[in-house]
Amino acid sequence: MTGAPDVDLVVAGGGPAGLATALHAVRAGLSVRVVEPRPAVIDKACGEGLMPGALAALAGLGVDPSGHPLHGIAYRAGGRWAAADFAAGPGRGVRRTVLHAGLRDAVDRAGVEVVADRVRSVAQDADGVRVRLAGGEALRARYLVAADGLHSPLRRSLGLDVTARRRARYGLRQHHALAPWTSHVEVHWAADAEVYVTPVAGDLVGVAVLSSSRRTYDEHLAAFPAVRERLAATTPANDVRGAGPLRQEARRRVAGRVLLVGDAAGYVDALTGEGVSLALGQAAAVVTAIGADDPQSYEQAWTSLTRRYRWLTGGLVAATALRPVRRAVVPAASALPSVFSLAVNALARPVGG
């Protein structure tokens, strides 16, 4: 790469992972530019429950999104249930759009330029990267962070995609205009799907479905009569959004001077609700590696900080694919409340903590 770089870091993707990376970069004294083709606040299908660890990480970035307090996690199936409170204090149910707006406001206040464009191609050498945008502009940078989502085009273009061998799972989410009836994230279990009920405001509840079966949102809800009864008299606040396949794998997280963050770096499943926590932890780790001019150290850091998530989530998804195990999840959690509480609070800790 000839000539001085325009910036230390280009971040491809303006979702939570990319914006958090930009905020950490500015705090580390790096010059940064974010490239994101969607100028408006970005919505996506997700459960929207922020664990206490995620709230603490956001507070460290000066971001405090409004929402509804979450005191823990509850599992329900038929007449059985188990609940565990967060020992570290409440989490928060937060609309994805509210979270994104809070991060974007912090980025704007930090003076980070957000370019409304898309990365078309990347070339790199020993000194840096040349990022060519779809609109024709070329940027020179010391590093590029790919934070371009679950189905990352940059991950694919770098040859880092891995075809997932396990059964694909998909997510659907809709909001309903009613007052929350719980201060927990409720996970309702059925034969081949889970429903996640998350209060996100005083008059709004998010309902997300995860399953390997491809059905409509209403068809899935038919297997959850208790949830369907709660929603029967309500008006949907928006359209159903979908996402998937959820499991995405990458060969590695570092390709020269290009580093993958957030869902682009690989994703197991939304079952344990750690997506935002993981993105925030990775954002901090990738900036540490870039600041040290040691990109390869990020690979080890990523492996370490995601280990708990990959083991717990991967193991639970694999185990509950078996019908006898799936039927036993809620009875076991109910019979062993201390074990269930330990598992919930292990997930609630800050990523890497």
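Residues numbered from 1 in each chain as written. Predicted model: local features only at pLDDT ≥ 70, side-chain atom pairs only at ≥ 80, totals over all residues. Heavy atoms only, no water.

## Some points on the packing of helix 7 (residues 275-291) against helix 8 (residues 296-319)
Now for step 1: At their nearest, the axes of helix 7 and helix 8 sit 9 Å apart, and the two run at 160° to each other. In terms of axis orientation, helix 7 runs roughly antiparallel to helix 8. Handedness of the helix 7/helix 8 crossing: right-handed. Here Leu278, Gly281, Gln282, Ala285, Val286 and Ala289 of helix 7 come into contact with helix 8, specifically with Ser297, Tyr298, Ala301, Trp302, Leu305, Thr306 and Tyr309. (Axes fitted to C-alpha atoms, helices over the stretch in contact; angles between N-to-C directions. Helix = DSSP H or I, 4+ residues; strand = E, 2+ residues; numbered from the N terminus. Parallel < 35°, antiparallel > 145°, perpendicular 65-115°, else oblique. Left-handed = near helix turned anticlockwise from the far one by under 90°. Contact = heavy atoms within 4.5 Å.)

## Digging into the pattern of salt bridges
Now for step 1: Under the counting rule described, the total for this entry stands at 22 salt bridges.
Now for step 2: For Glu48, the salt bridge goes to Arg173, with nearest N and O atoms at 3.6 Å. On the criterion of sequence distance, the pair formed by Glu48 in the loop between strand 2 (32-35) and strand 3 (49-50) and Arg173 in strand 13 (residues 170-176) is long-range, its members being 125 residues apart.
Now for step 3: Looking at Glu48, the relative accessible area reads 7%, which means it is buried.
Now for step 4: Of the residues examined, Arg173 reaches a relative accessible area of 1% and is grouped as buried.
Now for step 5: Between Arg169 and Asp269 there is a salt bridge whose closest N-O contact spans 2.9 Å. Of the two residues, Arg169 sits in the loop between strand 12 (161-162) and strand 13 while Asp269 sits in the loop between strand 20 (258-260) and helix 7, which places them 100 residues apart along the sequence. (Salt bridge = Lys/Arg side-chain N within 4 Å of Asp/Glu carboxyl O. Buried < 20%, exposed > 50% of the residue type's maximum accessible area, 1.4 Å probe, protein only.)

## Quick word on the sheet that holds strand 4 (residues 68-70)
Now for step 1: An order of 3-7-4 is seen for the 3 strands of this open sheet, with the pairing classed as antiparallel. Unpaired on one side and paired on the other, strand 3 and strand 4 mark the two borders of the sheet. (Pairing = 2+ DSSP bridges.)

## Points about the packing of aromatic side chains
Now for step 1: For the structure shown, the criterion picks out 3 aromatic pairs.
Now for step 2: Between the NZ or CZ atom of Arg214 and the centre of the ring of Tyr170, over which it lies, the distance is 3.7 Å. (Phe/Tyr/Trp six-rings, centres within 6.5 Å; stacked < 30°, edge-to-face > 60°. Lys NZ or Arg CZ within 6 Å of the ring centre and 35° of its normal.)

## Observations concerning the sheet that holds strand 5 (residues 72-77)
Now for step 1: Sheet architecture is open: 7 strands sit in the order 6-5-14-15-16-13-17, paired in mixed fashion. In this open sheet, the two strands that pair with only one neighbour each are strand 6 (80-85) and strand 17 (241-243). On average, each strand axis in the sheet is tilted by 20° relative to the strand beside it, whichever way the strands run.
Now for step 2: Bridging between strand 15 (residues 193-201) and strand 16 (residues 204-211) involves 8 bridges; their strand directions are antiparallel. Bridged to Ala193 within strand 16 is Ser211.
Now for step 3: Contacts from helix 9 (residues 323-335) reach strand 5, strand 6, strand 14 (184-189) and strand 15, with the element oriented near 55° to strand 6.

## With respect to the nonpolar core
Within soluble globular proteins, side chains that are nonpolar tend to cluster in buried spots.
Now for step 1: With 90 residues, the main nonpolar core has Leu9, Tyr75, Leu144, Val145, Val286, Ile290 and Tyr298 as its most contacted residues.
Now for step 2: In terms of residue count, helix 7 provides more of this core than any other element does, 10 residues in total.
Now for step 3: With 14 residues, the next largest nonpolar core counts Leu172, Val195, Val197 and Phe224 among its residues. (Core = buried A, V, L, I, M, F, W, Y, C linked by side-chain atoms within 4.5 Å.)

## Let's talk about unusual backbone geometry
Now for step 1: A cis amide bond links Gly244 with the next residue in sequence, Pro245, at an omega value of -5°.
Now for step 2: Residue position: Pro245 is located in the loop between strand 17 and strand 18 (249-250).
Now for step 3: Positioned with a positive phi, Asp293 is a non-glycine residue whose angle comes to about 55°.
Now for step 4: Tracing the sequence through the fold places Asp293 in the loop between helix 7 and helix 8.

## Some thoughts on the environment of Asp293
Now for step 1: Judged by relative accessible area, which is 43%, Asp293 ranks as partly exposed.
Now for step 2: Considering only alpha carbons, one finds Asp293 and Ser31, 262 residues apart in sequence, at a separation of 14 Å.
Now for step 3: Those residues in contact with Asp293, other than ones at most four positions away along the chain, are Arg142, Tyr143 and Arg257.
Now for step 4: At a separation of 3.4 Å, a polar atom in the side chain of Asp293 contacts the side chain of Arg142. (Polar contact = N/O pair within 3.5 Å; in protein donor to acceptor, adjacent residues only side chain to side chain.)

Keep in mind these values describe shape, not function.
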